[in-house]
Amino acid sequence: MTKQVILEEGSFHRGQRTKINDNFTELYGSSGTFTANGATGVDVANTAVTANSVILITLKTVGGTVGAVPAIKTITAGTGFNVAATASDTSVYNYRIIS
């Protein structure tokens with residue numbers, strides 16, 4: 001889902017528009033992609049991550065030998081997370097952060 005900021009006047013008053021826009025990331029999360037390198041963990045930079053974030057990972061494009069779903073190794077609030085895939089996996093993965 002793509003975030004569309006509500007700017008126009010209409011059926012929402014300013015306070016409602018602000019609340020809807022502010023809550024979008026909380027409801028739908030922040031997302032992106034990363035590429036496994038088949039050898040070591042990958043640092044994924046995303047300032048939306050918190051210590052309590054749930055990070056969902058799905059396969060986007062197969063590369064190398066796909067094994068188990070990559071595992072989150074560390075989360076650094078406000079910075080990002082580190083994820084490790086199986087050996088020889090060079091696939092591209094989607095992720096979504098839900099706080």
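Notes on the confidence of the model for the protein
Detailed conclusions should not be drawn from predicted coordinates in areas where pLDDT is low. Here the protein averages 84 in pLDDT, while 72% of its residues score no lower than 70. Within the protein, no element has a lower average pLDDT than helix α1 (residues 14-28), which sits at 63, and none a higher one than strand β2 (residues 42-45), at 97.

Quick look at the sheet that holds strand β3 (residues 54-61)
With respect to topology, 3 strands assemble into an open sheet ordered β1-β6-β3, the strand pairing being antiparallel. Across the chains shown, the open sheet's two edge strands, defined by having one partner strand only, are β1 (30-35) and β3. Shown here is a sheet whose adjacent strand axes are inclined to one another by a mean of 25°, direction ignored. Pairing of β1 with strand β6 (residues 92-98) involves 6 bridges; the strand directions are antiparallel. Pairing of S30 across the sheet is with I97, part of β6.

Remarks on the nonpolar core
F34, A36, V42, V44, V49, I55, I57, F81, V83, Y93, Y95 and I97 together form the largest nonpolar core, which totals 12 residues. For this core, the secondary structure elements donating two or more residues are β2, β3, β5 (80-84) and β6. The residues touching Y93, leaving out its near neighbours within four places in the chain, are G32, T33, F34, A36, I57, T58, L59, K60, V66 and P70.

Some thoughts on the environment of V44
Position of V44 relative to the elements: it lies in strand β2. Separated by 39 residues in sequence, V44 and V83 have C-alpha atoms that sit 7.6 Å apart. For V44, the contacting residues outside a window of four places in its chain are F34, T79, G80, F81, V83 and Y95.

Each value, and the rule that gives it
Residues numbered from 1 in each chain as written. Predicted model: local features only at pLDDT ≥ 70, side-chain atom pairs only at ≥ 80, totals over all residues. Heavy atoms only, no water. pLDDT = per-residue confidence, 0-100. Helix = DSSP H or I, 4+ residues; strand = E, 2+ residues; numbered from the N terminus. Pairing = 2+ DSSP bridges. Axes fitted to C-alpha atoms, helices over the stretch in contact; angles between N-to-C directions. Core = buried A, V, L, I, M, F, W, Y, C linked by side-chain atoms within 4.5 Å. Buried < 20%, exposed > 50% of the residue type's maximum accessible area, 1.4 Å probe, protein only. Contact = heavy atoms within 4.5 Å.

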